[in-house]
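# Commentary on secondary and tertiary structure
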Amino acid sequence: MGDKVGRFITLEGGDGSGKSSQAKALGDFLESMGKEVVLTREPGGSPGADEIRKLILTGDPERWDGLEETLLFYTARVNHLRLTVKPALARGAWVISDRFADSTMAYQGYGNQLGVETVRKIHDVAVGTFEPDLTFILDLDVETGLARTEGRGHDEDRFERMKLAFHERMRQGFLEIARQNPDRCQVVDASQSIDDIQMELRSYLKGRFFS
Ligand code: TYD
């Protein structure tokens, strides 16, 4: 039945949760199942969105406030959907995106405290009812995740504590999103080894789409 229809799979989670290596390995798996795979990421994934990525992720940390940042993420997202994701799905490819809309809800909505309602309204206007077929949320203890990205933690200065609080809100945000979308979201324990996580993702995918 589903052979000609593409699927949209997103990987979400905090910094250091290992999403990008999992996305690549999942792509290899789907290709071995004979699927065309498009690996992509946000912010980015189309030429315009990649330019916006640079605007968001470089420069003075104060140059965008939470709302401005969210609008930029969504401008990039709409462009990415229009030029990359939707055309690939239409020709039957499986699209795997390293981050998508749940990241904005978790980072800007919960982490930056812009608020769930504001992000939801922007989402509804920009994206509407389109959503991933499946979202893996790689859940990891915040300190472990930060230590993985930074090499070592410096938990004692104020900035780091603010960072921890931000990341903790963001983690809880992802878990709340998973609770509210149980059919779409699968939470995965990202403290496991890379291979064990990949085995879990593949076995979930097999059960969901190939059985
Ligand atoms: P990136 O270098 O891609 O980080 P990662 O490997 O952790 O995905 O940078 C993306 C950063 O942008 C990351 O810290 C998460 C953040 N982000 C948001 O805050 N909101 C969003 O909507 C998206 C897509 C990403």
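None of these values were measured; they are calculated from a predicted model. (Residues numbered from 1 in each chain as written. Predicted model: local features only at pLDDT ≥ 70, side-chain atom pairs only at ≥ 80, totals over all residues. Heavy atoms only, no water.)

### Considering the packing of aromatic side chains
For the structure shown, the criterion picks out seven aromatic pairs. Ring geometry for Y107 versus F166: centroids 6.0 Å apart, planes at 55°, classification tilted. Of this pair, Y107 sits in helix α4 (residues 101-111) while F166 sits in helix α7 (residues 158-180); the two residues are 59 residues apart in sequence, bridging distant segments of the chain. Assessed through its relative accessible area of 12%, Y107 is described here as buried. Here the aromatic rings of F136 and Y204 are separated by 5.8 Å at their centres, their planes lie at 80°, and the arrangement is edge-to-face. Residue F136 is located in strand β4 (residues 134-139), and its partner Y204 is located in helix α8 (residues 194-209); the two are separated by 68 residues in the primary sequence. Judged by its relative accessible area of 24%, Y204 is partly exposed. In this structure an aromatic cluster arises from ring pairing among F8, F100 and F130. Lying over the aromatic face of Y74, R77 brings its terminal NZ or CZ to 4.5 Å of the ring centre. (Phe/Tyr/Trp six-rings, centres within 6.5 Å; stacked < 30°, edge-to-face > 60°. Helix = DSSP H or I, 4+ residues; strand = E, 2+ residues; numbered from the N terminus. Buried < 20%, exposed > 50% of the residue type's maximum accessible area, 1.4 Å probe, protein only. Lys NZ or Arg CZ within 6 Å of the ring centre and 35° of its normal.)

### Things to note about the site of the ligand
The immediate surroundings of the ligand are formed by 13 residues, with K19, R53, R99, T104 and Q108 found nearest. Between the ligand and the protein, one listed contact pairs an oxygen atom with a side-chain N or O atom of K19 at 3.1 Å. R99 is positioned with one of its side-chain polar atoms (N or O) 2.7 Å from an oxygen atom of the ligand. Coverage of the ligand by the protein amounts to 78% of the 540 Å² it exposes when considered alone. (Near = heavy atom within 4 Å. Polar contact = N/O pair within 3.5 Å; in protein donor to acceptor, adjacent residues only side chain to side chain. Areas by Shrake-Rupley, 256 points an atom, 1.4 Å probe, with all protein chains shown as cover.)

### Observations regarding the layout of surface pockets
Any empty space left between atoms is shown by rolling a water-sized probe over those atoms. Here the largest pocket is characterised by a volume of approximately 1,400 Å³. As for the largest pocket, its lining consists of 42 residues, and the residues nearest its centre are E69, Y107, Q108, N112 and F166. Contributions of two or more residues to the lining of the largest pocket are made by α1 (19-32), α2 (47-57), α3 (66-90), α4, α6 (142-150) and α7. In terms of residue class, the lining of the largest pocket is built from 13 nonpolar, 14 polar and 15 charged. Here the second largest pocket defines a volume of roughly 350 Å³. (1 Å grid on protein atoms, 1.4 Å probe; cavity = no way out; pocket = protein on both sides within 12 Å on 5 of 7 lines; lining within 4 Å. Points joined across faces, edges and corners; volume = space filled by probe spheres on them. Nonpolar A, V, L, I, M, F, W, Y, C, P; charged D, E, K, R; others polar.)

### Observations concerning the pattern of salt bridges
Under the defined criterion, the tally for this structure stands at ten salt bridges. The shortest N-O distance in the salt bridge between R184 and D102 comes to 2.8 Å. Of this pair, R184 sits in the loop between α7 and β5 (185-189) while D102 sits in helix α4, and the two are 82 residues apart along the sequence. The salt bridge partner of R120 is E117, with a shortest N-O separation of 3.2 Å. Pair noted here: R120 and E117 are both in helix α5 (residues 116-126), with a separation of three residues, about one helical turn. Since its relative accessible area comes to 33%, R120 is described here as partly exposed. Look at E117 and you get partly exposed, because its relative accessible area is 46%. Each of D102, E131 and R184 takes part in a single network of salt bridges with overlapping partners. (Salt bridge = Lys/Arg side-chain N within 4 Å of Asp/Glu carboxyl O.)

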